[in-house]
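So the chains spell out like this:
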Amino acid sequence: MLGGWLYAGRCYAGDALSLADYLEDYCALYAQGGEAVLSLLSVLRLYFGYAAAAFLLGFAAVGALALPALSAVYGFTAMFAVSCFVRVYGRYGTALALSALGVRFFFTVPCFLWIASHAWAASSALASATRGKRCAPAGRDAAYVYRLLICVVWLIFGVCCEMYLTPSLFHFALQGML
């Protein structure tokens with residue numbers, strides 16, 4: 001997350017006008033009609049992408065190394081997005097970032113962390129087994145699938161909130177800024 005914050009500062013210092021123009025165009029799309037800027041497919045990718053990648057990495061020994069890297073990328077991109085709003089709009093950027101990204105992070109972060117923690121344990125067990133060490137069997141029992149199903153239901157509910165609630169929240173935050 002620190003890297004995302006620092007990189008947003010570097011982007012803002014290097015070319016503040018293009019970052020500000022981009023965010024102003026993004027905000028203008030909402031201000032014109034308050035409709036969703038993201039398509040359903042892009043929202044599904046944003047909601048399910050990291051969790052699905054973490055789940056799948058639990059089936060491979062390389063997941064023991066790839067899951068921490070995936071977590072770092074997720075933290076970087078999340079903090080970069082929030083930091084861009086704050087750098088361009090100052091204190092109002094916090095409200096804009098919360099309204100644009102808060103719903104998504106409320107649903108995706110817990111699912112990602114829950115799935116990634118169990119996937120990391122399973123992939124670490126696989127990595128230990130491939131090095132010839134004796135260890136307990138990988139943790140992919142029925143509970144592994146139940147966790148995934150619970151997260152899928154939670155994320156589908158989040159997608160609905162993202163499509164119907166986030167545009168209103170962002171439009172409301174924009175009105176407070178103007």
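Here the structure is shown first, and the text comes after it.
Residues numbered from 1 in each chain as written. Predicted model: local features only at pLDDT ≥ 70, side-chain atom pairs only at ≥ 80, totals over all residues. Heavy atoms only, no water.

A. Molecular detail of the state of the cysteines. Evaluation of the coordinates by the stated rule reveals zero disulfides. For Cys111, which is in no disulfide, the shortest distance to another cysteine sulfur is to Cys151 and amounts to 3.2 Å. Free cysteine Cys161: the closest other cysteine sulfur is in Cys160, separated by 7.0 Å. (Disulfide = S-S within 2.5 Å.)

B. Representation of the nonpolar core within the structure. Of all hydrophobic cores here, the largest spans 21 residues; its most connected members are Tyr47, Ala54 and Leu67. Every element with two or more residues in this core is listed here: helix H3 (40-57), helix H4 (63-89), helix H5 (91-130) and helix H6 (142-164). The leading source of residues in this core is H5, at seven residues. Excluding residues that lie within four positions of it along the chain, Leu67 makes contacts with Ala54, Leu57, Ala116, Ala119, Trp120 and Ser123. With 16 residues, the next largest nonpolar core counts Cys84, Leu101, Phe170 and Leu174 among its residues. (Core = buried A, V, L, I, M, F, W, Y, C linked by side-chain atoms within 4.5 Å. Buried < 20%, exposed > 50% of the residue type's maximum accessible area, 1.4 Å probe, protein only. Helix = DSSP H or I, 4+ residues; strand = E, 2+ residues; numbered from the N terminus. Contact = heavy atoms within 4.5 Å.)

C. Representation of the packing of H3 against H6 within the structure. Across the interface, H3 lies against H6 with an axial gap of 10 Å and an inter-helix angle of 160°. In terms of axis orientation, H3 runs roughly antiparallel to H6. Between H3 and H6 lies a crossing of right-handed hand. From H3, Leu40, Val43, Leu44, Tyr47, Phe48, Ala51 and Phe55 reach across to H6, where they touch Tyr144, Leu148, Val152, Leu155, Ile156, Gly158, Val159, Glu162 and Met163. Of the residues assigned to the contact of H3 with H6, the class counts are 14 nonpolar, one polar and one charged. (Axes fitted to C-alpha atoms, helices over the stretch in contact; angles between N-to-C directions. Parallel < 35°, antiparallel > 145°, perpendicular 65-115°, else oblique. Left-handed = near helix turned anticlockwise from the far one by under 90°. Nonpolar A, V, L, I, M, F, W, Y, C, P; charged D, E, K, R; others polar.)

D. Main features of the packing of aromatic side chains. Considering all chains together, one arrives at 13 aromatic pairs under this definition. Their ring planes at 80° and their centres at 6.2 Å tell us that Tyr50 and Phe112 sit as a pair that is edge-to-face. Of the two residues, Tyr50 sits in helix H3 while Phe112 sits in helix H5, which places them 62 residues apart along the sequence. Its relative accessible area of 2% is what places Phe112 among the buried residues. Here the aromatic cluster, defined as three or more aromatic residues joined through ring pairs, consists of Phe106, Phe107, Trp154 and Phe157. (Phe/Tyr/Trp six-rings, centres within 6.5 Å; stacked < 30°, edge-to-face > 60°.)

E. Structural context of the packing of H3 against H4. The N-to-C vectors of H3 and H4 enclose an angle of 170°; their axes lie 9 Å apart at closest approach. Overall, the two elements H3 and H4 adopt an arrangement that is roughly antiparallel. Residues Tyr50, Ala53, Ala54 and Leu57 of H3 lie in contact with H4, whose contacting residues are Gly63, Ala66, Leu67, Leu70, Val73, Tyr74 and Thr77. A class-by-class count of the residues in the contact of H3 with H4 yields nine nonpolar, two polar and no charged.

F. Spatial organisation of the pattern of salt bridges. A complete count under the given rule lists one salt bridge for this structure. For the salt bridge of Glu162 with Arg104, the shortest nitrogen-to-oxygen distance reads 3.3 Å. Linking Glu162 in helix H6 with Arg104 in helix H5, this pair joins segments that are 58 residues apart in sequence. Just as Glu162 is buried, Arg104 falls in that class too. (Salt bridge = Lys/Arg side-chain N within 4 Å of Asp/Glu carboxyl O.)

G. The arrangement of H4 in detail. For H4, with 27 residues, the first-to-last C-alpha span of 38 Å sits near the 39 Å given by 1.5 Å per residue. Taken residue by residue, H4 has Gly63, Ala64, Leu67, Leu70, Tyr74, Gly75, Ala78, Ser83, Cys84, Phe85, Val88 and Tyr89 as its buried positions. One or two residues past the end of H4 sits Gly90, with phi positive at roughly 65°. (Expected span 1.5 Å × (residues − 1).)

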